Amino acid sequence: MIIYNPKDWLHAVLSFHRSETIKKLYPYLILMAIYAWAIAYLEIEYLKLSEKSWLRNIPSMHSLLGFVLSILLVFRTNTAYDRWWEGRKLWGQLTNNSRNLALRIESLLPEGDKGNRSFYKKSIPLFASTLREHLQSSQTRFMLDEKDHPEFNHLDENKHGPNQVAAMIFKRTDTLYREGVISGDQLIILNAELLSFTDICGACERIKNTPIPFTYTSFIKKFISIYVLTLPYGFVFSLGYFVVPAVVFAFYVLTSLELIAEEIEDPFGTDVNDLPLEKMADNIRKHVGELIH
Amino acid sequence: MIIYNPKDWLHAVLSFHRSETIKKLYPYLILMAIYAWAIAYLEIEYLKLSEKSWLRNIPSMHSLLGFVLSILLVFRTNTAYDRWWEGRKLWGQLTNNSRNLALRIESLLPEGDKGNRSFYKKSIPLFASTLREHLQSSQTRFMLDEKDHPEFNHLDENKHGPNQVAAMIFKRTDTLYREGVISGDQLIILNAELLSFTDICGACERIKNTPIPFTYTSFIKKFISIYVLTLPYGFVFSLGYFVVPAVVFAFYVLTSLELIAEEIEDPFGTDVNDLPLEKMADNIRKHVGELIH
Amino acid sequence: MIIYNPKDWLHAVLSFHRSETIKKLYPYLILMAIYAWAIAYLEIEYLKLSEKSWLRNIPSMHSLLGFVLSILLVFRTNTAYDRWWEGRKLWGQLTNNSRNLALRIESLLPEGDKGNRSFYKKSIPLFASTLREHLQSSQTRFMLDEKDHPEFNHLDENKHGPNQVAAMIFKRTDTLYREGVISGDQLIILNAELLSFTDICGACERIKNTPIPFTYTSFIKKFISIYVLTLPYGFVFSLGYFVVPAVVFAFYVLTSLELIAEEIEDPFGTDVNDLPLEKMADNIRKHVGELIH
Amino acid sequence: MIIYNPKDWLHAVLSFHRSETIKKLYPYLILMAIYAWAIAYLEIEYLKLSEKSWLRNIPSMHSLLGFVLSILLVFRTNTAYDRWWEGRKLWGQLTNNSRNLALRIESLLPEGDKGNRSFYKKSIPLFASTLREHLQSSQTRFMLDEKDHPEFNHLDENKHGPNQVAAMIFKRTDTLYREGVISGDQLIILNAELLSFTDICGACERIKNTPIPFTYTSFIKKFISIYVLTLPYGFVFSLGYFVVPAVVFAFYVLTSLELIAEEIEDPFGTDVNDLPLEKMADNIRKHVGELIH
Amino acid sequence: MIIYNPKDWLHAVLSFHRSETIKKLYPYLILMAIYAWAIAYLEIEYLKLSEKSWLRNIPSMHSLLGFVLSILLVFRTNTAYDRWWEGRKLWGQLTNNSRNLALRIESLLPEGDKGNRSFYKKSIPLFASTLREHLQSSQTRFMLDEKDHPEFNHLDENKHGPNQVAAMIFKRTDTLYREGVISGDQLIILNAELLSFTDICGACERIKNTPIPFTYTSFIKKFISIYVLTLPYGFVFSLGYFVVPAVVFAFYVLTSLELIAEEIEDPFGTDVNDLPLEKMADNIRKHVGELIH
């Protein structure tokens, strides 16, 4: 994740950070420019199409459908952003709950109980780092795929990581209750924290293994492609060779929105704009270390 | 559900997966092409309508109303997507709660209590698979229909499946409490998990048996049909025979949005884009099996 | 409520169900047609307005304001749909909580306690049916009206129905606790369910007795009326007598959105698209009967 | 608040209720009419601007920016409506929680305990009416203002009203627990209700003392003003003297949306469309009286 | 934060408060005016471009893309406003929970226990003011940055402030429980309040240290810049020198939306429109002081 000064326009406008869509798109922008130029050349110099040609009115169709494309793309970006922000909220809760559990453990355990303290000091941050690995493995992405994945068969031995860590913490906590170290009231309190760990894990898995329905995303891509590729035919009549920068710019704007959505809809990947899971897991380790002595 | 690489444009644009709207629409796209061509032929070659014909200005009406149609369809798709995502969240919670219950049961039960362990090991995943059957039976879809459904009368003997499983689990848990195997504090903890099972069932039923109000969906379909069918009359004047691809494309875009909405608004069906309930129920069985020994 | 097949376009497009806006609107559509024809006749045949008349440019104003009207109406419909869906969620929760309470009661009460069982078997579904009557009485609609309603004075004797049923259930449950039939832990569990009954009642009342602010709805109706009534004046110049179907169609589209919103914003009425409260209350009775023996 | 029949169009369109924007706007509508007429007169009769004047193309700018203005205003109204509806929800919860607390108190207290019963019978509705006064005093509105408010200094003696009532109820409830009248389990149950009282108070204060950021609202007002004031210059060329009704109507539509937003964004005022807090507090008194004998 | 009268248009339209975008933008508005004038001069007087120049049709592209820019900016502002409002809600909850904790402490502690009372009287408001400092330090902003920040290394000694205060309160409360001053039931009640303190802290940190993804914001800035800078070229043909005010106004509108979003998306800064954290922390101190005697 990039932390930046949102008020610094000059940097935002002039920089071409490797995460930016313009960086990914530039070969296609050049192709698009050549394509638009070729059509302009063909229509103006070669075919010498007259002002009467029916092609000149095609832009009326583009403006009719441009609206639905625009609003669709803005909604698409917002849906993707909601997933990204939900992912951020979940890891925020994980941070909070790790802290809260540490706070509670520290004050519940009797003074001097080094053994249990060091157990929780290790296992709480372990949940976060196991979850990070779990979310970034490609096995998790294909969890709900109905096709077979023979490439993961050899992994099936490995059980679900975060579940194992959670089971370990649950077990130790129940032991403390049975041994009378913590009371029933305190168990209820701890339990709410513990459950939230597995709930957060499940919610993260949901975002990871459930992309936007395929029909939807495939429709948007088909729509953008046909829309942009037919753009130059009609606009040559009104813009002449200016059709080249105009079409390139329209292509840049429309595909960028889709590309941004693609990048942020899976917030647990390793793209530059994805969430800094490693940093967050480190912060959890640091905070828990500060709170349990 | 199809798991795909969202960044693979080539595949998305060129493939014609059986789930895609273009696959379902193509006979209608051909009909539309013939219809548009017929009108173009009629107006240009046969009637030889002059430039002065009032028909030529009809597109001004299409552009006035095109906006409200576009925004309506985008909202429609988003409302449907919200239902789909809510369905996914509910099954995500079911997965979590099944895991949590298993985690708790495993650590609450005394070591070596094979009998109760194997009860929960079977009945927790049973809830998920019963719920799946319940949601996919057409009786559930007509639960709130005010018309009689004599075709389901012979089924009325069968009581509500998921309720029966939940009742069984509740009963066993209360027995454990009465026998002193679990304490009052632990009962409160288990109870919250148990209640969420029936809450999830109810929420899934709600999505299944309550479609978008009929007036609303019927209005949208009437609107699209009239809009698209009147499109060629006016545009022939400005586009000539190009009206054929233009109208076919507009038809594809507008009806696709409605078709996508139709497919995802009921996430518990057996369409290709519906949720993989069977896979999810399997995963629950697998996870619970790992957690209860 | 109408349960229908969302994928059946033919039926949706050709049917004119009594719930549909077109059924309600058709006298006005005819009036609108006559009105538009009269204006067209006046301007074309009688006044013989020239192409230079300033009236011909009025549509530029309609297209400037058409956008704000469209987006306003789509938002209006969505706000109304949110109320309808919230109402559906509340009755879904009522169904769930009735089931949950029945499940708990059945397993908490000692075997053979027929008396208490039959009390809960009757009173739980009674809450749902009392709530239905309460929501459909017009007294509830005017609960927050600041004007006097002398017509309800003779009813003031009748106390708030659902409250009375809830009080009865609360009382019996506390008696069970005092008699030691249920423990404190179990009381806490039951209590959460009981409170949700009155919370659901309150939330339903809120939707029932608080319409969209009057200024807002009155503004939208004024806006649509002026917009549609001024539509033919300018469009006669570009559409001639085609202005009649065009204006009728625009009128149909814009008023339909408002009519749909009006119908679904109060989900507890007895319109065809309103929620099937009676059916739902029956289902609750059926489920509770199955769960408490 | 005005309770009305949403299906009565005739009343909505023809009435000019004092709450409506048209009532507030009409002097400005007249001014606007004079202003537009003056510009039309100036451009047509006096300056006799030719068709070639660059002024005639200014509307292209209005249509470019009209879109962003429209969508901004519709969002503005919806944000304001959300605040209004949140306020309504909060008071709905207050009603529910007052009822629930009364229900619980009535069944928890031993039969014949007149003293405590009459305490709660008085103090529960007192919270609602104190909150109403608190929300309608202008001191609450300026709670977060960073400027000094010497005019409230003499009030500073008065402590926070609703807090005092809540403290009183909390104290009495803890006394009941200490005296053994209610058990620990029952205290937990009552406590959740009690806390919600102060939470509701805080959330209402938030809506009251935090308006939309000043930059945002000031920007919208500047935008509307400049937009509408420059409207007649260009449209005179296409509409002639018809520019007068057209501009007046556009002015009416655009400013109405902002005026409606202004009125409903603070739901606790005493405008006609604000929430009927007094009526609601009365209803709470009535219901609590019915439930505690 | 500025508290203002939303109904005072005159003040909003004519004032140029230092927080307003027009104040920040005015040097750029002047630059823009000069730039637009230079292009107009160049095209009209110097190049004397004919009506046939292809440049004159460039605005058709601006109107095609103007829509997507408008809707993108309005969504951008709304997303930023949601963050601002979420921040306000969190501090509202902090106020409520501080009050609630004070209310509970006051009534739970035995009469005359001055020592514990004064501990909570000091430490509850201390949490709020420590949180304020924490959120306004720039170290918090860079918490998730993946780059090294050597400038904060010397600060690493300082542990996480709000966590330390929370740990202190937790510890004291557990001590009270161990000493038997408060019962287990009361501990559960207090605990829920205590946990919400650290949850609020975590949620505030999330808003502070996670800006909108960089690609997204950088794309919007690039889009606005190119859009506005190319605006005058084509519009000179239709507007002549009127292009200067028109382009300046478009520039003002479009960049203002982005500037407002930038200002309110981080509600914990020290901009004029940011939340009055200091005032709020003061109010907490005042209220807690009133409630704990």
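As named in an unreviewed UniProt entry, chain A is Bestrophin family protein, taken from Olivibacter oleidegradans. Under the UniProt heading Subcellular location (unreviewed entry), the note attached to chain A is "Cell membrane". You can read under Sequence similarities (unreviewed entry) in the UniProt record for chain A the words "Belongs to the anion channel-forming bestrophin (TC 1.A.46) family."

Undergrad: Hey, could you go over helix H10 (residues 243–265) of chain D for me, with residue numbers and the actual values?
TA: Residues and elements named next belong to chain D. Over its 23 residues, H10 runs 33 Å from end to end, which matches the ideal 33 Å to within 8%, given 1.5 Å per residue. Along its length, H10 shows its largest kink, about 25 degrees, at Ser 256. Among the 23 residues in H10, 22 count as buried, and that is most of the element.

Undergrad: Describe the packing of aromatic side chains, listing the residues and the values that go with them.
TA: Where two aromatic rings form a pair, the distance of their centres and the angle of their planes describe that pair. For the coordinates displayed, the defined rule picks out 70 aromatic pairs over all chains. Where Phe249(A) meets Phe223(E), the ring centres are 5.8 Å apart and the plane angle is 75 degrees; that geometry is what we call edge-to-face. Placement of the pair is Phe249(A) in helix H9 (residues 243–265) and Phe223(E) in helix H8 (residues 214–229), with the two residues belonging to separate chains. Taking the relative accessible area as the measure of exposure, Phe223(E) reaches 0% and is therefore buried. Note on Tyr81(C) and Trp85(C): the rings are 6.3 Å apart at their centroids and 10 degrees apart in plane angle, and the pair reads as stacked.

Undergrad: Outline a nonpolar patch on the surface, supporting the account with residue identities and numerical values.
TA: Judged by side-chain polarity, Tyr26(A), Tyr28(A), Ile30(A), Leu31(A) and Ile34(A) come together as a nonpolar surface patch covering roughly 560 Å² of accessible area. Here Tyr26(A) lies in helix H2 (residues 21–46).

Undergrad: Tell me what's going on with the interface of chain A and chain E, and back it up with residues and numbers.
TA: Taken together, the contact between chain A and chain E spans 76 residues of the former and 72 residues of the latter. Where chain A meets chain E, there are 3 salt bridges. The residue Arg104(A) makes a salt bridge to Asp174(E) at a minimum N-O spacing of 3.3 Å. At the junction of chain A and chain E, the tally comes to 14 residue pairs in polar contact (both at pLDDT 80 or more).

Undergrad: Any chance you could break down the relation of the copies chain A and chain E for me, citing the residues and the numbers?
TA: You can overlay chain A on chain E at an RMSD of 0.0 Å; the transform is a turn of 72 degrees with a shift of 0.0 Å along its axis. Those values place the two copies in the arrangement expected of a five-fold rotation axis. Mapped onto chain E, only 9% of the interface residues of chain A again fall at the interface, so the copies present different surfaces.

The rules behind the values
Residues numbered from 1 in each chain as written. Chains lettered and ligands numbered in written order. Predicted model: local features only at pLDDT ≥ 70, side-chain atom pairs only at ≥ 80, totals over all residues. Heavy atoms only, no water. UniProt positions renumbered as here; feature names shortened; annotations may be inferred. Helix = DSSP H or I, 4+ residues; strand = E, 2+ residues; numbered from the N terminus. Expected span 1.5 Å × (residues − 1). Bend = angle between axes of the 7 residues up to and from the residue. Buried < 20%, exposed > 50% of the residue type's maximum accessible area, 1.4 Å probe, protein only. Phe/Tyr/Trp six-rings, centres within 6.5 Å; stacked < 30°, edge-to-face > 60°. Patch = residues over 30% accessible without salt bridge, like charges linked within 9 Å, V, L, I, M, F, W, Y side chains within 5 Å. Areas by Shrake-Rupley, 256 points an atom, 1.4 Å probe, with all protein chains shown as cover. Salt bridge = Lys/Arg side-chain N within 4 Å of Asp/Glu carboxyl O. Contact = heavy atoms within 4.5 Å. Polar contact = N/O pair within 3.5 Å; in protein donor to acceptor, adjacent residues only side chain to side chain. Least-squares fit on C-alpha atoms with pLDDT ≥ 70 in both.

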